[in-house]
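The chain contents come next:
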Amino acid sequence: MQLHITGLSKTYPNGVQALDDVTLSIPRGMFGLLGPNGAGKSTLMRTLATLQDADSGSVQLTDVPGTINVLRDKDAVRRVLGYLPQDFGVYPKVSAEDMLDHLAQLKGLSSRGERKDVVERLLKQTNLHDVRKKALGGFSGGMRQRFGIAQALLGNPKLIIVDEPTAGLDPEERSRFHNLLVEIGEEVIVLLSTHIVSDVSDLCPHLAIMNKGRVLLSGTPQALVGLLKGRIWVTSVSRAEVDALKAQHTVISTRLYSGKTQINVIADGHPGPGFEPAEPTLEDAYFAAIGGHVGMKRSLVADGAFVDTSSVIV
Ligand SMILES: Nc1ncnc2c1ncn2[C@@H]1O[C@H](COP(=O)(O)OP(=O)(O)OP(=O)(O)O)[C@@H](O)[C@H]1O
């Protein structure tokens, strides 16, 4: 099973181009869609979830078995889709158990006994069984997101789309949520959008980095990080020195560390006194891509094949 997205574009009536010729092949397992706010992640996910139309392009879900034309055969997509939107709302007065039972009915599970089993299993899987009688309005952010996954798993979906699910969760709930996603398994496609690099590095064997509606890079974390091998340098300076360094070097990120500013620079050779070589991380790849310092030849992905980023130009 693979999801092939080819040349997908979308411009909103206000003139914002949210998707600009997006081409990606998404294999089975967890796939991270990483990008800053406004990159176009939600637009892409809503389009794949059949909730809005693209202006052009095509999307195919292969070997489901058979092939689904995602933009055209919306009912067929909905039968294999589980979706957790960014703004997942719940009825505050309804209990988790009753709501899940209701959603199961809407998904077509008409047998009461079968529904009871499915609801029970999902509540256990998402660690909500103890609070199943509690009204959803009293749920914490993390519990609500786990409930969101429970409803997305109704009907054994093959394509699961989760849009920024960890935003606003505390570290413990984030880790719990990550474990839940990992458990969903490798037999389905799980597309996860996030602006948090560690969500992707912890979970996803494949990812794409998006900005301004375009895919900047895609591949395995190792391949993306490999692009920067020997090219990341780090130094630590006082705040007063930061602007001068930014004027002289290609700074890809700065962060405060023990009261000093740690600066990561991209350069093909040693940038000068005070710099140490650094092992590149996915965060470096992310910032380098967003800053336009590494990129992908568009023609390489034009055939829709999943690109090994060893073939990426820098
Ligand atoms: N319905 C809409 N009408 C007009 N512009 C929109 C609409 N939805 C999104 N946009 C714009 O399209 C661009 C992409 O938005 P989108 O929500 O897809 O990005 P995102 O990567 O999901 O970011 P975020 O995490 O902030 O939602 C943004 O500039 C946004 O303001």
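Because the structure is a prediction, the values reported are computed rather than measured.

Describing the overall build of the chain
Part 1: Scanning the chain for helices and strands turns up ten helices and 14 strands.
Part 2: Relative to a compact globule of 314 residues, whose C-alpha radius of gyration would be 20 Å, the chain shows 21 Å and is just as compact.
Part 3: Projected onto its principal axes, the C-alpha coordinates of the chain cover approximately 70 × 45 × 40 Å.
Part 4: Across the 314 residues in the chain, those meeting the buried criterion constitute 39%.

A look at the site of the ligand
Part 1: The local shell around the ligand holds 13 residues, among which Tyr12, Asn37, Lys41, Ser42 and Thr43 are the closest.
Part 2: The element best represented in the shell around the ligand is helix H1 (residues 41-48), accounting for three residues.
Part 3: Grouping the amino acids of the shell around the ligand by side-chain chemistry returns four nonpolar, seven polar and two charged.

Some words on the sheet that holds strand E1 (residues 2-11)
Part 1: Pairing within the open sheet is antiparallel, and its four strands lie in the order E2-E1-E4-E5. Here the strands that pair on one side only, and so sit at the sheet edges, are strand E2 (17-27) and strand E5 (68-69).
Part 2: Pairing geometry for E1 and E2, over seven bridges, is antiparallel. Bridge pairing in E2 places Thr11 opposite Gln17.

Remarks on helix H6 (residues 171-184)
Part 1: Along its 14 residues, H6 runs 20 Å from first to last C-alpha, staying within 8% of the 20 Å computed at 1.5 Å per residue.
Part 2: Those residues of H6 that fall on the buried side of the exposure criterion are Arg174, Phe177 and Leu181. In an axial view of H6, the angular spread of the buried residues amounts to 65 degrees, which keeps them on one side of the axis. When the buried face of H6 is taken as reference, the exposed residues oriented beyond 90 degrees from it are Glu172, Asn179 and Glu183.

Quick look at the domain arrangement of the chain
Part 1: According to the domain assignment, the chain contains domain 1 (2-90 + 139-220) and domain 2 (225-294).
Part 2: Just the C-alpha atoms count here: the centres of domain 1 and domain 2 sit 31 Å apart.
Part 3: Residue-level contacts link nine residues of domain 1 with seven residues of domain 2.
Part 4: Of all the secondary-structure elements, those providing two or more residues to the side of domain 1 that touches domain 2 are helix H7 (197-203), strand E9 (206-211) and strand E10 (214-219).
Part 5: Tallied by class, residues from the side of domain 1 that touches domain 2 come to seven nonpolar, two polar and no charged.

Concerning the confidence of the model for the chain
Part 1: Counting all residues, the mean pLDDT for the chain is 90, and 94% of those residues have values of 70 or more.
Part 2: Counting interchain partners and residues more than four positions distant, the pLDDT-below-50 stretch residues 298-314 has 30 contacts.
Part 3: As a predicted assembly, this complex carries a pTM of 0.89 together with an ipTM value of 0.96.

Side note on the pairing of E10
Part 1: The buried count for E10 comes to five of six residues, which makes it a mostly enclosed element.
Part 2: Here E9 runs beside E10; their pairing, made up of five bridges, is antiparallel. Pairing of Ala208 across the sheet is with Ser218, part of E10.
Part 3: Taken together, E9 and the strand that follows it, E10, pair antiparallel across an intervening segment of two residues, in which Lys212 is found at a positive phi of about 50 degrees.

What about unusual backbone geometry?
Part 1: For the bond from Val64 to Pro65, the omega torsion is 10 degrees, close enough to zero to count as cis.
Part 2: Relative to the helices and strands, Pro65 resides in the loop between strand E4 (56-62) and E5.
Part 3: With a phi angle near 65 degrees, Thr50 is a residue other than glycine that sits in the positive phi range.
Part 4: By the secondary structure assignment, Thr50 is in the loop between H1 and E4.

Points about the packing of helix H3 (residues 96-106) against helix H4 (residues 112-125)
Part 1: The geometry of H3 relative to H4 is characterised by a closest axis approach of 10 Å and an angle of 125 degrees between their N-to-C directions. The pairing of H3 with H4 is recorded here as oblique in orientation. Crossing of H3 against H4: the hand is right-handed. Residue-level contacts link Ala96, Glu97, Leu100, Asp101, Ala104 and Gln105 of H3 to Arg115, Val118, Val119, Leu122 and Leu123 of H4.
Part 2: Within the contact of H3 with H4, the residues separate by chemical class into seven nonpolar, one polar and three charged.

What counts, and where the lines are drawn
- Along each chain, the written sequence defines residue order, and numbers are assigned to residues from 1.
- Per-residue local features are limited, in this predicted model, to residues with pLDDT of at least 70; the limit for side-chain atom pairs, both in listing and counting, is 80 or more; totals at the level of whole chains, interfaces and linings are taken over all residues.
- Think of it this way: any DSSP run of H or I at least four residues long counts as a helix, any run of E at least two long counts as a strand, and we number them from the N terminus.
- For the radius of gyration, the atom set is restricted to C-alpha positions; the globular benchmark scales as 2.2 Å times the number of residues to the power 0.38.
- Counting other C-beta atoms within 10 Å of its own, a residue is labelled buried from 20 upward, exposed at 12 or fewer, and partly exposed in the gap between, with every C-beta atom placed from the backbone.
- Throughout this description, a residue near a molecule or strand is one whose C-beta atom, derived from the backbone, lies within 6 Å of it.
- Residues are grouped as follows: Ala, Val, Leu, Ile, Met, Phe, Trp, Tyr, Cys and Pro are nonpolar; Asp, Glu, Lys and Arg are charged; every other residue, Gly included, is polar.
- Each pair of strands is called paired provided DSSP finds at least two bridges between the two strands.
- The span you would expect from a helix comes to 1.5 Å times its residue count less one.
- Here the arc refers to the directions that run from the helix axis out to each C-beta atom.
- The split of the chain into domains comes from an automatic or database domain assignment.
- We call two residues in contact when their backbone-placed C-beta atoms lie within 7 Å.
- Across the chain, each position has a pLDDT score giving the predictor's confidence in that residue, from 0 to 100.
- Here an angle of 0 to 180 degrees is reported between the N-to-C directions of two axes, which are lines fitted to C-alpha atoms, with helices fitted over the stretch in contact.
- Should an angle fall under 35 degrees it is taken as roughly parallel, and over 145 as roughly antiparallel, whereas 65 to 115 is taken as roughly perpendicular and any remaining angle as oblique.
- Each crossing is labelled by how the near helix is turned from the far one, with a counterclockwise turn of less than a right angle marking it left-handed and a clockwise turn marking it right-handed.

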